[in-house]
Amino acid sequence: LLGVIQLVNPVSPARFSERDTRVVKGISRALATSFIQTSSLRRQEGLAAHDPLTGLRNVRELNRRLTRAVGAARRTGRDMALMFVDVDHLKKVNSKLGHGAGSEALKRTGKALDEAVAGVGEVFRFGGDEFVVVLADTNQEEGRIAGNRFVAAIREVGMKFDPQNPVTASAG
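Residues numbered from 1 in each chain as written. Predicted model: local features only at pLDDT ≥ 70, side-chain atom pairs only at ≥ 80, totals over all residues. Heavy atoms only, no water.

Caption draft 1: Region of interest: the confidence of the model for the chain. Predicted confidence across the chain gives a mean pLDDT of 87, with 91% of residues reaching 70 or more. Between the elements of the chain, mean pLDDT differs from a low of 75, seen in helix α1 (residues 18–49), to a high of 96, seen in strand β3 (residues 130–136). (pLDDT = per-residue confidence, 0-100. Helix = DSSP H or I, 4+ residues; strand = E, 2+ residues; numbered from the N terminus.)

What follows is the structure, encoded as structure tokens:
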């Protein structure tokens with residue numbers, strides 16, 4: 001439910017003229033069209049900013065957000081970390097179990113990384129089997145510790161996915 005239009009006829013509460021009805025229908029159609037267009041635009045903006053496979057933010061959104069993060073770090077004089085996370089052994093999964101399994105491994109990896117980063121930073125799919133993590137207010141040592149935590153989260157998912165061909169990651 002997006003809203004309610006309440007009609008009140010002060011002259012005769014029980015009756016509306018044919019003209020009143022036409023005016024209300026016209027206004028209702030215009031509002032409905034506007035709501036549909038707004039909803040469609042928001043959906044398109046979301047699709048343009050997110051990777052279709054993982055649902056994570058994409059490179060286009062990384063560029064926008066990174067510009068803001070760097071600007072904020074400069075203004076505040078605080079550190080920030082930018083981390084590349086590369087998924088290892090995905091080609092083995094693709095060749096042994098098929099590309100569908102590889103895509104599923106990539107989705108699960110992205111989800112695990114996103115959950116590990118939640119509340120402390122943002123995750124972006126850079127392309128292929130690479131992700132980028134942006135961490136505000138994070139110095140080099142904190143970034144190293146966080147990177148190890150992210151790699152461990154991916155390793156845990158990779159082992160559950162296929163213990164014979166575990167998907168792991170490296171970060172730097």
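Structure shown, so let's carry the discussion forward.
Caption draft 2: Here's a closer look at the sheet that holds strand β2 (residues 122–127). Spatial strand order, β2-β3-β1-β4: four strands in an open sheet with antiparallel pairing. Among the strands making up the open sheet, the edge pair consists of β2 and β4 (168–171). Neighbour-to-neighbour, the strand axes of the sheet open up by a mean angle of 25 degrees, direction not taken into account. Judged from the five bridges that link them, β2 and β3 form a sheet pairing that is antiparallel. Residue V123 lies in a different strand from β3, and its bridge partner there is V133. Where helix α2 (residues 59–76) meets the sheet, its contacts fall on β1 (80–88), β2 and β3, and the angle it forms with β2 comes to roughly 135 degrees. Running over the sheet, helix α4 (residues 99–117) touches β1, β2 and β3 and is turned about 5 degrees from β3. (Pairing = 2+ DSSP bridges. Axes fitted to C-alpha atoms, helices over the stretch in contact; angles between N-to-C directions. Contact = heavy atoms within 4.5 Å.)

Caption draft 3: Looking closely at the side chain of E61. Within the secondary structure layout, E61 lies in helix α2. Exposure remark for E61: the relative accessible area of 6% places this residue in the buried category. In terms of polar contacts, E61 uses its side chain to reach the side chain of R64, at 3.0 Å. Look past the residues within four positions of E61 in its chain and what remains in contact with it is A49 and F124. (Buried < 20%, exposed > 50% of the residue type's maximum accessible area, 1.4 Å probe, protein only. Polar contact = N/O pair within 3.5 Å; in protein donor to acceptor, adjacent residues only side chain to side chain.)

Caption draft 4: Spatial organisation of the pattern of salt bridges. One pass over the structure, following the stated rule, counts eleven salt bridges. Of the charged contacts in the structure, one is a salt bridge between R125 and D51, with a shortest N-O distance of 3.0 Å. Highlighted residues: R125 in strand β2 and D51 in the loop between α1 and α2, separated in sequence by 74 residues. Note on R125: relative accessible area 13%, which makes it buried. With a shortest N-O distance of 2.8 Å, E61 and R65 are connected by a salt bridge. Of this pair, E61 and R65 both sit in helix α2, four residues apart, which is roughly one turn of the helix. Put simply, R57, E61, R64, R65 and E122 are held in one network by salt bridges that share partners. (Salt bridge = Lys/Arg side-chain N within 4 Å of Asp/Glu carboxyl O.)

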